[in-house]
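# Reading the structure
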Amino acid sequence: MTRKAAWGSALSILMTAFCVLFLTLVTGCGEQAKSMDPPKIADYNKPGTVFIATKFKADVTINNITLDEKALESSLLQAAAAGQVATDENSLAAWAINEILTNPSRYIIPAAGTIDYPGQESDPIAGSGFIVNSDGYVVTNAHVVKMDDKELKQTMALSVLSSQVQQEISELESALGVKLSDDQASKMADALATAHATYMTVSNPSSESWMLMGGSANLKEAVKGMPAEIVKVGAPSPGKDVAILKVNANNLPTVTLGDDSAMREGDQAIAIGYPGAATFNPMIKQSEENIKPSMTTGTISGRKTMPGGWDVLQIDTAITHGNSGGPLFNNKGEVIGVTTFGSVNMDSRTGAAQEVQGFNFAVPVSIVKQFLTEANVTATPGQLTKTYDEGVDLASASHYSAAKEKFRQVADANKDYPYVNDQISAATTKINNGEDKSTFPVPIWLIVIIVAAVIAALAAVLILVKRGGKGSGPRYKAGQAAAPGAGQPDATAAPVAPPAAPAPPAQAPSVTTAPAQTEASSEPAVPAAGPADAETVTPVKEEAIQPAATPVAEPDAAPEGGQTAAPEPGKEEGAQPAEGPSFCANCGKPLPPDAKFCPGCAKPVNH
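Here we summarise the structure given alongside this text. Keep in mind it's a predicted model, so treat the numbers as computed, not measured.

### As for the overall build of the chain
When helices and strands are counted, the chain shows 15 helices and 16 strands. Intrachain contacts of the chain at a sequence separation of at least 6 include 72% that bridge at least 24 residues.

What follows is the structure in structure tokens.
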């Protein structure tokens with residue numbers, strides 16, 4: 001093998017070892033596992049799960065309302081005559097309040113006169129959503145950003161008429177001579193708002209939506225978020241309750257869409273969103289650090305068919321007001337649906353609706369994909385999301401220095417990327433506590449194998465180059481044997497007596513690896529013994545070769561010009577008398593004993 005071939009072989013080995021290392025690094029980091037535990041699913045997807053707020057605006061005209069005292073008195077007398085209520089004042093007042101709350105439409109009626117409220121805005125309606133494209137495309141429920149006329153009236157009545165409703169409650173308490181409990185006051189406010197909504201008119205409706213990453217310290221400060229434009233919207237439930245929004249931003253966190261058709265009963269279903277009961281619970285501190293997504297876990301309970309002929313996913317995962325529009329994940333951290341509505345029990349006495357947990361529903365992601373296709377939107381994981389997820393993977397393996405670097409890359413590209421600063425702080429704390437593992441996230445045993453492979457490759461280079469160098473020594477003419485030395489073992493060829501003078505240039509063997517047989521020789525060429533990578537010489541017939549009297553020592557260094565100087569005959573150190581027939585120093589032919597001239601070249605013979 002030539003030196004060039006040796007280097008090529010060694011380089012191939014080194015490249016193989018490098019590829020093994022590279023592929024290990026690439027496939028070992030940043031790749032989501034086939035199945036993940038809920039905490040990691042939350043770490044991956046909380047940045048891409050967003051808070052959606054919508055304000056509705058309209059011109060509102062309401063009727064004055066009043067309590068139908070005659071109808072209430074008639075019902076009270078009938079109940080007393082039937083023995084259904086005691087006749088003391090407190091009992092009668094309590095019965096009257098319960099009767100109004102049970103049948104508000106019977107006793108709360110419009111009065112003369114109207115009040116106009118032009119350009120009134122509702123309080124923000126809260127919901128959840130998720131980003132599917134880093135250029136600002138967001139998915140949520142249609143009912144988070146759109147209302148039908150009946151619902152809009154109710155919303156405007158609750159928001160616009162709150163002060164008037166409170167005044168009306170005070171007047172009612174005075175008329176009945178009682179103080180309503182907090183629960184009764186709340187139910188009465190709903191009853192009065194419902195009555196106003198029944199008789200009020202709403203015109204010129206409009207809405208404005210915002211997207212907030214990480215939420216807002218105060219729901220009424222939703223303007224801190226990014227304005228969101230409705231790109232495509234379906235019909236609120238029982239319609240296909242999906243909306244596609246667009247915000248003017250890029251480098252946003254994203255979630256990954258999955259396949260709901262693969263889901264079976266009993267499969268894990270994880271909801272992330274902003275439920276009002278947890279996000280704005282009055283018992284917790286109302287601050288920005290508490291306005292974060294909440295996660296609930298459950299399973300797929302089955303599928304149910306909607307009036308339009310399409311299916312929804314039934315889940316036992318807990319959701320409530322505020323979860324609407326949020327993502328529902330499988331155990332791979334992929335979105336399989338949009339949490340949309342729950343189940344309620346209606347109180348036959350009061351007409352109040354009470355949530356029933358364990359029987360909730362999500363619009364499947366296949367419907368979401370239809371909306372995205374129709375809106376010409378491609379759901380694509382963002383590059384920053386991939387880097388962030390790599391940081392999560394590294395941190396979960398205690399490679400905190402490497403994780404911190406990944407999170408810094410994300411923060412440098414988008415300073416508002418949710419939770420990235422929290423991740424940097426957490427990684428810094430772990431590093432300072434001495435919990436940081438090697439930043440080379442490859443198993444030790446694999447590192448040992450790779451290092452061993454590289455060492456073996458380098459050893460192969462040295463061996464191959466050394467063997468390849470054996471063919472670079474002095475060339476010998478037919479009839480001459482190579483001098484024993486470091487490059488060739490002594491047994492390679494029998495040494496012969498050196499020529500008295502350098503051979504004529506015309507008779508010098510070629511320097512190619514397979515020289516032609518010299519013209520003066522009539523015997524066929526045979527391969528020279530020695531290493532496989534040594535260059536071939538053309539010796540004389542094997543039977544005629546005999547050991548020479550004087551072996552030729554390999555020179556320590558070649559003289560200038562690259563030619564090896566031949567030692568003078570008879571002056572070699574340790575020379576011994578020749579045995580057997582002698583040979584012509586000019587052509588190498590065997591010489592008869594006492595010959596004066598060579599029978600081959602006819603030149604004088606020097607004995």
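Here the narrative resumes.
### Brief notes about the environment of leucine 72
Residue position: leucine 72 is located in helix H3 (residues 69-81). Residue class for leucine 72 comes out buried when judged on its relative accessible area of 8%. Sequence-wise, leucine 72 and arginine 106 are 34 residues apart; in three dimensions their C-alpha atoms are separated by 8.5 Å. Leaving out residues up to four positions away in the same chain, leucine 72 has contacts with Leu67, Trp95, Ala96, Glu99, Ile100 and Tyr107.

### Overview of the packing of aromatic side chains
Applying the stated criterion to the full structure yields four aromatic pairs. Aromatic side chains phenylalanine 51 and tyrosine 274 sit 5.3 Å apart centroid to centroid with 90 degrees between the ring planes, which places their arrangement in the edge-to-face category. Separated by 223 residues along the polypeptide, phenylalanine 51 in strand S1 (residues 49-67) and tyrosine 274 in the loop between strand S9 (268-273) and helix H10 (276-279) bring together distant segments of the chain. The two residues phenylalanine 51 and tyrosine 274 agree in class, both being buried.

### Describing the side chain of glutamine 423
Inspection of the secondary structure assignment puts glutamine 423 in helix H14 (residues 420-432). Setting aside residues up to four positions removed in sequence, glutamine 423 forms contacts with Tyr388, Val392 and Phe407.

### A closer look at helix H8 (residues 162-176)
Look at H8: 21 Å from first C-alpha to last across 15 residues, which is about the 21 Å you get at 1.5 Å a residue. Turning to H8, its buried residues number three or more, namely Gln164, Val165, Glu168, Ile169, Leu172, Glu173 and Leu176. The inward-facing, buried residues of H8 contact S1, helix H4 (89-102), strand S2 (108-121) and helix H9 (182-199). Of the residues one or two after H8, glycine 177 is the one with positive phi, at around 70 degrees.

### Details of the nonpolar core
Ranked by internal contacts, the top residues of the largest apolar core, which has 32 residues, are Ile100, Ile108, Met156, Ile169, Met188, Leu192 and Met200. At the level of secondary structure, the elements contributing two or more residues to this core comprise S1, H4, helix H7 (149-160), H8 and H9. Among the elements that line this core, the one with the most residues is H9, at seven residues. Beyond its immediate stretch of four places on either side in the chain, methionine 200 contacts Val60, Thr61, Ile62, Lys153, Met156 and Ala157. Ranked by size, the runner-up nonpolar core spans 27 residues in total, among them Val139, Val335, Phe361 and Val363.

### Regarding the pattern of salt bridges
One pass over the structure, following the stated rule, counts eleven salt bridges. A salt bridge links lysine 406 to glutamate 390; the shortest N-O distance between them is 2.8 Å. Of this pair, lysine 406 sits in helix H13 (residues 400-413) while glutamate 390 is found in helix H12 (residues 383-396), placing the two residues 16 residues apart along the sequence. We classify lysine 406 as partly exposed; its relative accessible area is 23%.

### A few points about the packing of H12 against H13
The N-to-C vectors of H12 and H13 enclose an angle of 160 degrees; their axes lie 8 Å apart at closest approach. Between H12 and H13, the crossing angle belongs to the class labelled roughly antiparallel. H12 and H13 meet at a crossing whose hand is left-handed. Contacts between H12 and H13 involve Leu384, Thr387, Tyr388, Glu390, Gly391, Val392, Leu394 and Ala395 from the former and Tyr400, Ala402, Ala403, Lys406, Phe407, Gln409, Val410 and Ala413 from the latter. Each residue belonging to the contact of H12 with H13 can be placed in one class, and the counts come to eleven nonpolar, three polar and two charged.

### Observations concerning the side chain of glutamine 314
If you trace the backbone, glutamine 314 turns up in strand S11 (residues 311-315). Among residues more than four places away in sequence, those in contact with glutamine 314 are Thr299, Ile300, Ser301, Gly302, Arg303, Lys304, Phe359, Asn360 and Phe361.

Conventions we followed
- Residues numbered from 1 in each chain as written.
- Predicted model: local features only at pLDDT ≥ 70, side-chain atom pairs only at ≥ 80, totals over all residues.
- Heavy atoms only, no water.
- Helix = DSSP H or I, 4+ residues; strand = E, 2+ residues; numbered from the N terminus.
- Contact = heavy atoms within 4.5 Å.
- Buried < 20%, exposed > 50% of the residue type's maximum accessible area, 1.4 Å probe, protein only.
- Phe/Tyr/Trp six-rings, centres within 6.5 Å; stacked < 30°, edge-to-face > 60°.
- Expected span 1.5 Å × (residues − 1).
- Core = buried A, V, L, I, M, F, W, Y, C linked by side-chain atoms within 4.5 Å.
- Salt bridge = Lys/Arg side-chain N within 4 Å of Asp/Glu carboxyl O.
- Axes fitted to C-alpha atoms, helices over the stretch in contact; angles between N-to-C directions.
- Parallel < 35°, antiparallel > 145°, perpendicular 65-115°, else oblique.
- Left-handed = near helix turned anticlockwise from the far one by under 90°.
- Nonpolar A, V, L, I, M, F, W, Y, C, P; charged D, E, K, R; others polar.

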